[in-house]
Amino acid sequence: MVSAHPSHEGSQEPAPITPGGTYSIQSLRPFLLTSHWQSADSSSLETVSVGCKLFVRRPTPDGGEEERLAEILSIRDKHANSFTRRSTAGNLKEEEQEALKPEDRWEYFVHWDQFNKRLDEWVVGSRLVLSRDLEWPRPKPPQGKKTGLGPQKAPGKAPRSQSLLKKATANAAAAASPTPFSTPGPKNRRRRRRKKRKKKRKPEEEDLDAEGEMDVDAEGELEGETYDLTASPTDVPPSVTAFSKEQEIEKLRTSGSMTQSISEVARVKNLNRLQIGKHELDAWYFSPYPREYAHLPVLYICEFCLSYFPSSFMLARHRHRCTLLHPPGNEIYRHDDISFFELDGKRQLTWCRNLSLLSKCFLDHKTLYYDVTPFMYYVMTQRDANGCHIIGYFSKEKESAENYNVACILTLPQYQRHGFGKVLIEFSYELSKKEGKLGSPEKPLSDLGLLSYRAYWAEVIVEVLLNTTDDISIDDIAQRTSITHADIMNTCTTLQLFKHYKGQHIICLSDAVLEKHEKTRNKRRRRIHSEHLIWKPPVFTRDQLRFY
């Protein structure tokens, strides 16, 4: 049934393959995952478990259907939620027909091969293609035993230089971001403890919201990351001339999680769809909404107060009583149909928490949900006769030691690809200009956020260079734009603006950069007009900055 049992000698063995038709969907819900070679000795067929890769039916945009390779990340029972029941006879017949299918008693959370993590979804058992081959997860070598001749790195590990760089980046991001998952204590003691012991890691906290079984790698590697096993520590990094925006977009499109928290990677998406006003959206990532809402087909959200309800009837009843027509804060900017509102997370606690829950559905790297008091929120809305509809927002620390001007930024999916992301970024730098400070967004950025910021930095820097006739330095550009020196240097390096001329470095704009800038400027429609910004930087006392 299964190919020969893999051995743990030498290099990593290929994943075992089970031919199609010789395995089935489990007949009983397993409480503990069993390896495939343990179940192969039994008389029953192999059962699909977490970590397997098989083909799953997926609808195509043209209304058809395709079979695509996917990896199973979690399995859960298909619950019958009381809010989704219908009283019509036709729907009751459909429910009875579905109840007759034993394969639809479970739902499988799958990650599509070569697709972004945001497209992961829950599928019923009838969508699994059991007639095609199934690939089992690669068996892990026994711990405590060295394989091969001489010391070797563990399978899937990066070279030491890359591993150290990755750890340093993760530690720097964890120290810079105020995440509730970071544990207090000296870092040196943590490093010594990590070096000395070779025990198994403590298992991650069980995810009760997703109600699924997870197969988390004991080494804590992030999903979607690939490592070059043949690279040596002395490999030369690629030159700037090899930079390609298309390649970078493709890399970001197919990459996995951007978060540094392993517990966040382990969580699977618990919501299917959201309805906000007249828009119905697919949730991208996990969000810690209450557990009873995890199996709803649609979660209904009030577009003004952001309260959430399990049914459209409860939302309609709420709208008769809800009098809020705009975010509950001070309007600090108004031009055309765009308005910005400033909210204090300590004063508008419930509204900001609801906003954080909503944004977590579309941000994988966000790990802060309920601790909103240390932040100010700036919400961009679009006005019409019915009220101010939320387009996006960004949050900002009341007191940032690293001079971050953005902690979290999001444009809702229904308003993406309309230029609103650059408007949000430009507004954050207008606030930095009012404060007289240089600002930079908090790292790590999401994949879409990284592309948006790089496009904004490139446009602003080239615009400043075109509008000046005198000699200009990096510091002059920083003072005019409020962009930090590091972000300016990285952008100029990416655009290959630095040239060596007569013993010194100069900034030179190539024809390709000028042509691209002209296309971007002609395409961009919305801008921030600073004369319409009525705002003074808020000043907080020591007691107001005491959040705990």
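Structure report, in brief. Being a predicted model, the structure only gives us computed values, none of them experimental.

**Section: the sheet that holds strand β11 (residues 298-301)**
For step 1, the next point in the chain: Strand order in the open sheet made by the four strands is β10-β9-β11-β12, with mixed pairing throughout. Edge positions in the sheet fall to β10 (279-282) and β12 (308-309), since each of these pairs with one other strand and no more.
For step 2, the next point in the chain: Pairing of strand β9 (residues 273-276) with β11 involves four bridges; the strand directions are parallel. The partner of L274 across the bridge, within β11, is L299.

**Here we look at the packing of helix α10 (residues 447-466) against helix α11 (residues 474-481)**
For step 1, the next point in the chain: Close contact between α10 and α11 brings their axes to 11 Å; oriented N to C, the two are set at 110 degrees. Judged on the interaxial angle alone, α11 and α10 are roughly perpendicular. Read as a crossing pair, α10 and α11 show a hand that is right-handed. Of the residues in α11, those touching α10 at V460, I461, V464 and L465 are I477, R480 and T481.
For step 2, the next point in the chain: In terms of residue class, the contact of α10 with α11 is built from five nonpolar, one polar and one charged.

**Some points on the pattern of salt bridges**
For step 1, the next point in the chain: Under the counting rule described, the total for this entry stands at 17 salt bridges.
For step 2, the next point in the chain: Among the ionic pairs, K519 bridges to E515, the shortest N-O distance being 3.9 Å. A residue pair is termed a helical-turn pair when its members lie 3 or 4 positions apart in one helix, as K519 and E515 do in helix α13 (residues 511-523) at four residues. There is no split in this pair, since K519 and E515 are both exposed.
For step 3, the next point in the chain: When salt bridges that share partners are traced, they join R273, E280 and D282 into one network.

**Concerning helix α8 (residues 349-360)**
For step 1, the next point in the chain: End to end, α8 covers 17 Å across twelve residues, agreeing with the expected 16 Å (1.5 Å per residue, within 8%).
For step 2, the next point in the chain: Extensive coverage of α8 is indicated by the burial of nine of its twelve residues.
For step 3, the next point in the chain: All of the buried residues along α8 are W351, C352, N354, L355, S356, L357, L358, S359 and K360.

**Considering the packing of aromatic side chains**
For step 1, the next point in the chain: Under the definition given, this model contains 14 aromatic pairs.
For step 2, the next point in the chain: Pairing Y289 with Y308 gives two aromatic rings, centres 4.9 Å apart and planes at 85 degrees, and the pair type is edge-to-face. Note that Y289 is positioned in the loop between β10 and β11 and Y308 in strand β12, a separation of 19 residues in sequence.
For step 3, the next point in the chain: Taking the relative accessible area as the measure of exposure, Y308 reaches 22% and is therefore partly exposed.
For step 4, the next point in the chain: Summarising the aromatic geometry, the rings of Y293 and Y308 are spaced 5.7 Å apart at their centres and angled 80 degrees between planes, so their arrangement reads as edge-to-face. Of the two residues, Y293 sits in the loop between β10 and β11 while Y308 sits in strand β12, which places them 15 residues apart along the sequence.
For step 5, the next point in the chain: Judged by its relative accessible area of 13%, Y293 is buried.
For step 6, the next point in the chain: One aromatic cluster is present, formed by Y333, F340, Y378, F394, F427 and W535 through successive ring pairs.
For step 7, the next point in the chain: In this structure, R118 packs its charged tip against the face of W284, placed 4.7 Å from the ring centre.

**Thoughts on the sheet that holds strand β15 (residues 375-384)**
For step 1, the next point in the chain: An order of β13-β14-β15-β16-β18 is seen for the five strands of this open sheet, with the pairing classed as antiparallel. In this open sheet, the two strands that pair with only one neighbour each are β13 (330-335) and β18 (408-411). Going from strand to strand, the sheet's axes swing by 20 degrees on average, the running direction of each strand aside.
For step 2, the next point in the chain: Pairing analysis gives seven bridges linking strand β14 (residues 338-344) to β15, with the strands arranged antiparallel. Within the sheet, the bridge partner assigned to F340 lies in β15 and is M380.
For step 3, the next point in the chain: In this fold helix α9 (residues 420-435) packs onto β13, β14, β15, β16 (387-397) and β18, with an angle of close to 50 degrees to the strand it touches most, β16.

Criteria and thresholds
- Residues numbered from 1 in each chain as written.
- Predicted model: local features only at pLDDT ≥ 70, side-chain atom pairs only at ≥ 80, totals over all residues.
- Heavy atoms only, no water.
- Pairing = 2+ DSSP bridges.
- Helix = DSSP H or I, 4+ residues; strand = E, 2+ residues; numbered from the N terminus.
- Axes fitted to C-alpha atoms, helices over the stretch in contact; angles between N-to-C directions.
- Parallel < 35°, antiparallel > 145°, perpendicular 65-115°, else oblique.
- Left-handed = near helix turned anticlockwise from the far one by under 90°.
- Contact = heavy atoms within 4.5 Å.
- Nonpolar A, V, L, I, M, F, W, Y, C, P; charged D, E, K, R; others polar.
- Salt bridge = Lys/Arg side-chain N within 4 Å of Asp/Glu carboxyl O.
- Buried < 20%, exposed > 50% of the residue type's maximum accessible area, 1.4 Å probe, protein only.
- Expected span 1.5 Å × (residues − 1).
- Phe/Tyr/Trp six-rings, centres within 6.5 Å; stacked < 30°, edge-to-face > 60°.
- Lys NZ or Arg CZ within 6 Å of the ring centre and 35° of its normal.

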